[in-house]
Amino acid sequence: MYLQKMFSCSQLLARPNALQTFKRAASQGKNPSSAPFLTRHAVRQWSNVPFFTVPLARAHGKSFAHRSDLRQAKRILVKLGSAVVTRGDECGLALGRLASIVEQVAMLQNQGREMMIVTSGAVAFGKQRLRHEILLSQSVRQALHSGQNQLKDMSLPVLEARACAAAGQSGLMALYEAMFTQYSTCTAQILVTNLDFHDDQKRRNLNSTLHELLRMNIVPIINTNDAVGPPPEPNRDLQGVISIKDNDSLAARLAVEMRADLLIALSDVEGLYDSPPGSDDAKLLDTFYPGDQHSITYGTKSRVGIGGMEAKVKAALWALQGGTSVVIANGTHPKVTGHVITDIVEGKKVGTFFSEVKPAGPTVEQQTEMARSAGRTLASLEPEQRSDIICALADRLTERKDEILSANKKDMEHAVSTGRLSPAMLKRLSLSSSKLNSLSIGLRQIAVSSQESVGRVLRRTRVANNLELEQITVPIGVLLVIFESRPDCLPQVSALAIASGNALLLKGGKEAANTNRILHELAQEALSIHGVKDAIQLVSTREEVEDLCRLEKMIDLIIPRGSSQLVRDIQRAAKGIPVLGHSEGICHVYVDHEASVDKAIKIIQDSKCDYPAACNAMETLLVHRELLRTPLFDQIIDMLRTEHVKIHAGPKFASYLTFSPSEVKSLRTEYGDLECCIEVVDSMQEAVDHIHKYGSSHTDVIVTENEDTAEQFLQQLDSACVFWNASSRFADGYRFGLGAEVGISTARIHARGPVGLEGLLTTKWVLRGEGHTAADFSEQGTMTYLHENLPVAQALPGRRTTS
C-alpha cells in the first residue's frame, strides 16, 4: 500500500527551527519536509539584529495620501486570503509562502509597529488532516476485508467545510505559533462571527482584548469561526456596518474598529486591474480612487475563497472611508513580489494603493503613454521640422535666460540653506549666462546633425530580382533619463531625444526642481511648434527611482546621469530595462619616462583639478619608476599640493618612501573630489595591466614623447576613451563635436564612450518585393538569391520609413 507522505503541524512543532528551511525549500520547488533543518543559533542570530524604531502613530481619522507616507504606518493589519495560505491543490498549507509572511510580519513587529493578521486556511488545513485520516481508515478496512493493499478503487467523501474548519483551526494556529516563535514573537488566537460586531458589548470586549494584546507586543491572529458560522449571505450590510461574510470584509471591519493605519490585503492577483486579469488590454492600477469605480470590470473569483476582487474593492473602500489606508497585492509569488509586505510598508510601488487624494496631474504611467504616442509623431516628422524644434529651444535658452536664472537662484539658495549638497554638487546645480550660451551653441550643433538621423539608410541589398532590402535607422522608443543636480542636462538630453525621434521621460533631482520646471516648459513650447508637446515629460510626482525602473513594459532604455552610486542603484533596480551608462569613472593618467615635463604638468592639473567631481576626472596617477626622485616628479607633487589635492599612495609607491601619504585602501576608488592615488609602474605594459585590473573602462591617458610607446598604449587598452598627450577631461560629447551627450557608456555593446545622437538610434529592416515567397527560393523553386550590395544613399522621398 502506498500513502503520500504528509508534513504535519506536529512535525513542525517537534522541529521548531525549520522555518527558514521551509522558505528556502519552497522557493526551490522542493518538498519542505525533505530539507535539512537550521540550528537554533542561526535563528537567534537573526532575532538579535537591531531594528529602527517607528515613530508614534499619527492621529487617526484620515488615510495616507501617498504611498511614501506608508512608512509612517504604526498599526498594520495583514489579511491573508485563502489563495495565499493554501496550496495549489487546496488541500494543505503553502508552508514556504507562510514562512516568508511570518518573517516579514515579525520584522515589522520588531521595528516597533503593531501588527495584526486576519488569516484564512483553517478549512484547507482541516481538509488535509481529514483526508489523511479517512485514507488511513479506509485502507485498513479494505485490507481486512480483501486481504490486499489495493487503494485504486478507494474514493474520498465530500468534506463539509465547517467540519474541516473545526479540524484545521487548532493546527493552523499551532503552525503560526511555531513559526513566530523563531523570531521571539508571541501570538494569540481570536475567532469571531458576525454577532461579535453587531452586539455592542461583544464588540467592546473584542476591541478591548485586541488593544491589550497589542499593548503587550503580541500579534493577534484573527479568523472567522467557520466551524459554527452560517453560510455567507450576500447584501446584508447594515447601516454603515460591513457584514462579516468573508475575510476581506472582516479585515476591513477590524481595521476600522482598531483604527489601523494600513490594511494590506494579500491575494493571488497583482492588484486591481481595470478589466479582468489575463485579458489583452488589462492594466494594473497603481493607485485607485473612490470615484473610479465605474471604470472597473470585474472578473471571476479566485480558485479558493468566497470574496473575489469585487468584495475586496468594496471592503477596501469601506476601510478607506473609515480612515485606514489599503493596499491590495499578490502574496503568492515570493520570487516575483519579493518581501511584499515590507516593500509596501517602505512605500514601494507594489499592488494597488487606495487613496482619497487624486493628483492634479497625470500619473507617471499616463505620462509615459502620452510621451510614447507623441514620440511616434515626432519620429515621423521631417528632419527639418525636428531641427526647427531644437533651434527654437536653443533660442529660448538665451531669450528667457532671466527666468531660468531666477528659478536657478531659488534652487541654489535652498540648497545652501539646507547644507545638503557638497561644493561639487552646488557647482553642478549652478547656471550662468555663459553656461546657457554654451548650451544654446551645443543645441544648434545637434540641430544640424538631426538632418541625417532618423530614416538614414545604412545598407541596401538586392536580395533577388525585384526584391530589395534596406537597413534604416529608427528611434529606440521611450527613454527614461534620471539626473542629479544638473539642470543643464535637461535641454541637452531633450535636444538629443528630439533629433533622434525618441520620446523622453525625465526625472530630475528635487534640488533643481524650480530650474527643471522652467526648462521643461521651454522644451514643451518648442515641441508645440509641430504639435508634439507631450513627447517630453517631466516626472514631478513623488515617484521613487526604483518604481520607475519597474516600468519595463513602457520604457525602452534608462540613462542615468549622476553619481556612481546612482548609476549602480539604477542598474540593480532595472531588472527588465537596459541601462546605458557607467557605474564608475576611475580614470588613469600614465606618465611615461619619456614624457615632456610641461605636457605632463598641464595634463595632470587639468585632468584632476579642472572639475574633480566629473566622471572624466583623473583618479589614479601612474608614474614610471624611473621618474621617481627627478625634477619632473617633484614638480608634479608640488603642483598637486598647490592645488590642495590630497594624495594617497599605492602599495608600490609607498614602499619607496620613508614618510609617505596615507596608503590607499583600494586601487579601485573614484574620489570625485580633490583627491587622487599615485602608484608606480615599471613599464608601459605594467601600466596597461594595472588599468585593465583596476580601471572602469572609462577614459585613460598616456603622456609620452615616444610615438611607438603611445601607439602600443592606444591599441592595447580597451577603455571607451584612450588619449595620448591630452587631458582626460576631453571625454565629453560637446568636446567631441556631438553637440551634447546623454552620458558616457562603458558598456561593450550598443553605444560606447560619450553617447550622442547616434547612440539613441537603433535599426530596422525594410524589405520591398512583388509577391515573393520563401518557397520561390527552395530547391524546387524558380528563383535564386543574388545578395548584391547596392550603393547606400538617403531613402528616397516618400519612402523613408520610421517607427
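(A) Looking closely at the overall build of the protein. When you go through the protein residue by residue, the secondary structure sums to 27 helices and 24 strands. In the protein, which comprises 803 residues, the proportion classed as buried is 52%. Taking all contacts inside the protein whose residues are at least 6 apart in sequence as the whole, residues at least 24 apart take part in 75%. Surface summary for the protein: the accessible area is close to 36,500 Å², and the carbon and sulfur share equals 51%.

(B) Representation of the sheet that holds strand β14 (residues 557-561) within the structure. Ordered in space as β13-β12-β11-β14, the four strands form an open sheet in which the pairing is parallel. Each having just a single partner strand, β13 (536-538) and β14 make up the two edges of the open sheet. For this sheet the average axis-to-axis angle between neighbouring strands, irrespective of direction, equals 20 degrees. Where strand β11 (residues 478-483) and β14 come together, five bridges link them in parallel fashion.

(C) Molecular detail of the sheet that holds strand β20 (residues 721-724). Ordered by their spatial adjacency, six strands build an open sheet running β17-β18-β16-β15-β19-β20, and the pairing between neighbours is parallel. Two strands close off the open sheet at either side, each with one partner strand: β17 (646-649) and β20. Between one strand axis and the next, the sheet turns through 20 degrees on average, direction left out of account. Pairing between strand β15 (residues 587-591) and strand β19 (residues 699-703): four bridges, direction parallel. Its bridge partner being in β19, Val589 is matched across the sheet by Val701. In this fold helix α26 (residues 684-694) packs onto β15, β16 (618-624), β18 (675-681) and β19, with an angle of close to 170 degrees to the strand it touches most, β15. Those strands touched by helix α27 (residues 707-716) are β15, β19 and β20, and its axis lies near 175 degrees from that of β20.

(D) The arrangement of the pairing of strand β2 (residues 114-119) in detail. Most of β2 sits out of view: six of its six residues are buried. The alternating pattern of β2 places Glu114, Met116 and Val118 and Met115, Ile117 and Thr119 on opposite faces, both of which are buried. One ladder, built from six bridges, connects strand β1 (residues 75-80) with β2; its direction is parallel. Bridging across to β2, Lys79 finds its partner in Val118. As judged from the two bridges shared by β2 and strand β4 (residues 219-224), these two strands associate in the parallel manner. Residue pairing in the sheet places Ile117 in a bridge with Ile221 of β4.

(E) Quick look at the pairing of β16. Counting buried residues along β16, seven of its seven residues qualify, which places the element largely inside the surrounding structure. Direction of pairing for β15 relative to β16: parallel, over a ladder of five bridges. Each bridged residue has a counterpart across the sheet, and for Val591 the counterpart in β16 is Val623. For the handedness criterion, the β-α-β arrangement of β15, helix α23 (residues 597-609) and β16 is classed as right-handed.

(F) Quick peek at the nonpolar core. In terms of nonpolar packing, the biggest core is built from 49 residues, with Ile389, Ile390, Ile404, Leu504 and Leu506 touching the most fellow members. Not counting residues up to four positions away in its chain, the partners in contact with Ile389 are Leu378, Leu381, Ile498, Ala526, Leu527, His530 and Val532. Core analysis: the second largest hydrophobic core is formed by 41 residues, Phe64, Ile76, Ile221 and Val345 among them.

(G) Quick peek at α23. Taking 1.5 Å of rise per residue, the 13 residues of α23 would be expected to cover 18 Å, and the 18 Å separating its terminal C-alpha atoms lies within 8% of that figure. Residues of α23 that are buried: Ala600, Ile601, Ile603, Ile604, Ser607, Lys608 and Cys609. Among the structural elements, β15, β16, α24 (631-642), β18 and β19 are those in contact with the buried residues of α23.

(H) How the structure looks around the confidence of the model for the protein. Across the protein, the average pLDDT comes to 84, with 83% of residues at or above 70. Across residues 795-803 the pLDDT falls below 50, and counting only partners more than four positions away or on other chains, this stretch makes 30 contacts in the model.

(I) Seen up close, the packing of aromatic side chains. Taken as a whole, this structure holds five aromatic pairs when the rule is applied. Ring plane angle 75 degrees and centroid distance 5.8 Å describe the contact between Phe633 and Phe653, whose orientation is recorded as edge-to-face. With Phe633 in helix α24 and Phe653 in helix α25 (residues 651-655), this residue pair connects regions lying 20 residues apart in the sequence. Of the two residues, Phe633 and Phe653, both sit in the buried class. Of note, Lys427 hangs over the ring of Tyr611, and the distance from its end group to the ring centre comes to 5.0 Å.

(J) Focus on unusual backbone geometry. Here the phi dihedral of Ser485 falls at roughly 30 degrees; this positive angle occurs in a residue that is not glycine. Take Ser485: it is sitting in the loop between β11 and α19 (489-500). According to the relative accessible area criterion, Ser485 is buried, its value standing at 1%. Although it is not a glycine, Asn725 sits at a positive phi angle of roughly 55 degrees. With respect to the helices and strands, the residue Asn725 is situated in the loop between β20 and β21 (743-745). Classification of Asn725 by relative accessible area gives partly exposed; the value is 23%.

(K) Expanded view of the pattern of salt bridges. Inspection of the entire model under this criterion finds 37 salt bridges. Between Asp248 and Lys312 there is a salt bridge whose closest N-O contact spans 3.5 Å. Pair noted here: Asp248 is in helix α10 (residues 247-257) and Lys312 is in helix α11 (residues 308-321), with a separation of 64 residues, a long-range link. Lys312 matches Asp248 in its accessibility class, with the two residues each being buried. With a shortest N-O distance of 3.5 Å, Asp718 and Arg748 are connected by a salt bridge. A residue pair is termed long-range when its members are at least 10 positions apart, and Asp718 in the loop between α27 and β20 and Arg748 in the loop between β21 and β22 (753-755) qualify at 30 residues.

(L) Looking closely at the packing of helix α15 (residues 383-399) against α19. The interhelical angle for the contact between α15 and α19, taken along N-to-C directions, is 165 degrees, at an axis separation of 9 Å. Put simply, α15 runs roughly antiparallel to α19. You can see that α15 and α19 cross each other, and the crossing is right-handed. Listed contacts from α19 to Arg386, Ile389, Ile390, Leu393 and Leu397 of α15 are Pro491, Ser494, Ala495, Ile498 and Ala499. For the contact of α15 with α19, the per-class residue count stands at eight nonpolar, one polar and one charged.

(M) View of the side chain of Ser440. Inspection of the secondary structure assignment puts Ser440 in helix α18 (residues 433-449). We classify Ser440 as buried; its relative accessible area is 6%. Those residues in contact with Ser440 that lie beyond four places of it in its chain are Ala394, Leu397 and Thr398.

Here is what the cut-offs are and how they apply
Residues numbered from 1 in each chain as written. Predicted model: local features only at pLDDT ≥ 70, side-chain atom pairs only at ≥ 80, totals over all residues. Heavy atoms only, no water. Helix = DSSP H or I, 4+ residues; strand = E, 2+ residues; numbered from the N terminus. Buried < 20%, exposed > 50% of the residue type's maximum accessible area, 1.4 Å probe, protein only. Contact = heavy atoms within 4.5 Å. Areas by Shrake-Rupley, 256 points an atom, 1.4 Å probe, with all protein chains shown as cover. Pairing = 2+ DSSP bridges. Axes fitted to C-alpha atoms, helices over the stretch in contact; angles between N-to-C directions. Right-handed = clockwise from strand over helix to strand, strands pointing away. Core = buried A, V, L, I, M, F, W, Y, C linked by side-chain atoms within 4.5 Å. Expected span 1.5 Å × (residues − 1). pLDDT = per-residue confidence, 0-100. Phe/Tyr/Trp six-rings, centres within 6.5 Å; stacked < 30°, edge-to-face > 60°. Lys NZ or Arg CZ within 6 Å of the ring centre and 35° of its normal. Salt bridge = Lys/Arg side-chain N within 4 Å of Asp/Glu carboxyl O. Parallel < 35°, antiparallel > 145°, perpendicular 65-115°, else oblique. Left-handed = near helix turned anticlockwise from the far one by under 90°. Nonpolar A, V, L, I, M, F, W, Y, C, P; charged D, E, K, R; others polar.

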